[in-house]
Amino acid sequence: MTSRMMISARVSPIIGMALLAVTSCGSDSDTVEPDSAGGPDATSPAEPETSAGSGSEMPDLVIDPGDGGRYEADLDPADFVAGVDNPYFPLTPGMRWLYEGVEDDEIERVEVVVTTDRKEVLGISAVVVRDTVTVDDELVEDTYDWFAQDRDGNVWYLGEDSKEYEDGEVVSAAGSWEAGVDGAQAGIVMQADPTVGQAYRQEYYPGEAEDLAEVVRRGESASVPAGEFDDVLVIKEWNPLEPDVVEEKYYASGVGPILEVVVEGGDGRVELVETP
């Protein structure tokens, strides 16, 4: 897990947000690789109840974060569509978002861009999203994330290619994973119909990527530098690999992630400051 603020699932003091807008992302036929090379029981907070994603008929949406590592996400490419238009997590090629946070008295900025590239994972054509993290204007992380939406409207997280930088040099690719490779499995980053109390896995690569989530509130209002938002969904996220850190992420309908607050294990806050 790396410290960044993006649309992908990740738990650490300053991280993760996302995007906006609707529309199809193009054909599933010829995939284009981006320029970059392309677990255990939940422990904190208290175990949420097992839940079935969005009420979809797809049986693999039944996910138990307390499953002891027995999680299976057996996906069928025929169950997926080309675009990602979930109102809380829509992705349109060409859109750009900017987020800011403060960590250790340093300004962290994250730029998120939905690319026109596609990445084939498990036979599924995924949207490629790039986010770059800078601290005091120096690049510290460059990541490509892969997302796809099923026909019921659930957005699946299929993996990432992430690189950390120091003084302009790559120093780590920790946290990178791809569903179907080395035991890694996809997870749901946003449900089609989030219901308070539902819990689910967002990713599963034992020892590297094990983020968990629970829907905690709906219908909230929130204010960030980018504006005032209503109809806000709040999701709690945590990770057994970093058991002391718990976050809440705020998603505005039609916009995507707008705010992230560390509620346990720190005092980090990341806000949406610019949308297209």
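Residues numbered from 1 in each chain as written. Predicted model: local features only at pLDDT ≥ 70, side-chain atom pairs only at ≥ 80, totals over all residues. Heavy atoms only, no water.

Engineer: What is the right way to read the overall build of the protein from this model?
Structural biologist: Looking only at helices and strands, the protein features 0 helices and 18 strands. The buried share among the 276 residues of the protein stands at 55%. (Helix = DSSP H or I, 4+ residues; strand = E, 2+ residues; numbered from the N terminus. Buried < 20%, exposed > 50% of the residue type's maximum accessible area, 1.4 Å probe, protein only.)

Engineer: Can you walk me through the nonpolar core in this structure?
Structural biologist: What tends to happen in soluble globular proteins is that the nonpolar side chains get buried as a cluster. Trp-156, Leu-158, Met-190 and Ile-258 are the most contacted members of the largest nonpolar core, which has 58 residues in total. Among the elements that take part in this core, strand S6 (residues 124–135) stands out by supplying 6 residues, more than any other. (Core = buried A, V, L, I, M, F, W, Y, C linked by side-chain atoms within 4.5 Å.)

Engineer: Is there a simple way to think about the pairing of strand S15 (residues 227–238) in this case?
Structural biologist: For a regular strand, side-chain orientation follows a simple rule: the groups alternate between the two sheet faces. Alignment of strand S14 (residues 212–224) against S15, held across 9 bridges, turns out to be antiparallel. Residue Val-215 lies in a different strand from S15, and its bridge partner there is Ile-235. Relative to strand S16 (residues 246–252), S15 runs antiparallel, the two sharing 7 bridges. Paired with Trp-238 across the two strands is Val-246, which belongs to S16. (Pairing = 2+ DSSP bridges.)

Engineer: For this particular structure, what's the right way to read the environment of Val-171?
Structural biologist: By the secondary structure assignment, Val-171 is in strand S9 (residues 169–172). Measuring from C-alpha to C-alpha, the distance between Val-171 and Val-140 comes to 9.7 Å, with 31 residues separating the pair along the chain. Sequence-distant contacts of Val-171, that is, excluding residues within four places in its chain, are made with Glu-164, Tyr-165 and Glu-166. (Contact = heavy atoms within 4.5 Å.)

Engineer: Teacher, can you tell me more about the pattern of salt bridges here?
Structural biologist: Opposite charge on two side chains allows them to pair when their charged atoms are near. The full count for this structure, using the stated rule, is 13 salt bridges. Among the ionic pairs, Asp-79 bridges to Arg-151, the shortest N-O distance being 2.9 Å. Placement of Asp-79 in the loop between strand S2 (62–63) and strand S3 (80–81) and of Arg-151 in the loop between strand S7 (138–150) and strand S8 (155–166) is noted, with a sequence separation of 72 residues between them. With a relative accessible area of 56%, Arg-151 lands in the exposed category. Taking the shortest distance from any N to any O, the salt bridge between Asp-193 and Arg-218 comes out at 3.5 Å. With a gap of 25 residues between them, Asp-193 in the loop between strand S11 (185–190) and strand S12 (199–201) and Arg-218 in strand S14 connect regions that are remote in the sequence. (Salt bridge = Lys/Arg side-chain N within 4 Å of Asp/Glu carboxyl O.)

Engineer: Help me out: how do you make sense of the packing of aromatic side chains in this one?
Structural biologist: A ring pair, where both rings are aromatic, is described by two values, the distance of the centres and the angle of the planes. Considering all chains together, one arrives at 5 aromatic pairs under this definition. Ring centres 5.1 Å apart and planes at 20 degrees place the aromatic pair Phe-147 and Tyr-157 in the stacked group. In this pair, Phe-147 is assigned in strand S7 and Tyr-157 in strand S8, connecting sequence segments 10 residues apart. Both residues of the pair, Phe-147 and Tyr-157, count as buried. Ring plane angle 90 degrees and centroid distance 5.3 Å describe the contact between Tyr-157 and Trp-177, whose orientation is recorded as edge-to-face. Here Tyr-157, found in strand S8, pairs with Trp-177, found in strand S10 (residues 177–178); they are 20 residues apart in sequence, far enough to count as distant. Across the pair, exposure class does not vary: Tyr-157 and Trp-177 are buried alike. (Phe/Tyr/Trp six-rings, centres within 6.5 Å; stacked < 30°, edge-to-face > 60°.)

Engineer: Looking at this model, I keep getting lost on a negative patch on the surface. Mind explaining?
Structural biologist: Together, Asp-104, Asp-105, Glu-106, Asp-136, Asp-137, Glu-138, Glu-166, Asp-167 and Glu-169 give the surface a local cluster of negative charge. Tracing the backbone through its elements, the reader meets Asp-136 in the loop between S6 and S7. Take Asp-136: its relative accessible area is 46%, and that puts it in the partly exposed class. (Patch = residues over 30% accessible without salt bridge, like charges linked within 9 Å, V, L, I, M, F, W, Y side chains within 5 Å. Areas by Shrake-Rupley, 256 points an atom, 1.4 Å probe, with all protein chains shown as cover. Lys, Arg positive; Asp, Glu negative; His and termini not counted. Charge placed at Lys NZ, Arg CZ, Asp CG, Glu CD.)

Engineer: Is there a simple way to think about the environment of Val-114 in this case?
Structural biologist: The topology assignment puts Val-114 in strand S5 (residues 106–121). Residue classification places Val-114 among the buried positions, given a relative accessible area of 2%. Along the primary structure Val-114 and Tyr-144 are separated by 30 residues, whereas in three dimensions their C-alpha atoms are 9.7 Å apart.

Engineer: Whenever I open this one, the confidence of the model for the protein confuses me. Can you help?
Structural biologist: Where the model shows low pLDDT, its predicted coordinates should not be examined in detail. Overall, the prediction assigns the protein a mean pLDDT of 79, with 75% of residues at 70 or greater. The model gives residues 1–6 a pLDDT under 50, and that stretch makes 53 contacts with residues more than four places away or in other chains. Low pLDDT, under 50, characterises residues 9–62; the stretch is placed with 217 contacts to residues that sit more than four places away or in other chains. (pLDDT = per-residue confidence, 0-100.)

Engineer: Even after reading the chapter, I still don't get the environment of Pro-240, so can you show me in this structure?
Structural biologist: The topology assignment puts Pro-240 in the loop between S15 and S16. Taking relative accessible area as the criterion, Pro-240 reaches 15% and is therefore assigned buried.

Engineer: Sorry if this is basic, but what is going on with unusual backbone geometry here?
Structural biologist: You will see that Asp-167, though not glycine, has its phi angle at about 55 degrees, which is positive. Relative to the elements of secondary structure, Asp-167 occurs in the loop between S8 and S9. With a relative accessible area of 68%, Asp-167 lands in the exposed category. The backbone of Asp-231 sits at a positive phi, close to 50 degrees, despite the residue not being glycine. Within the secondary structure layout, Asp-231 lies in strand S15.

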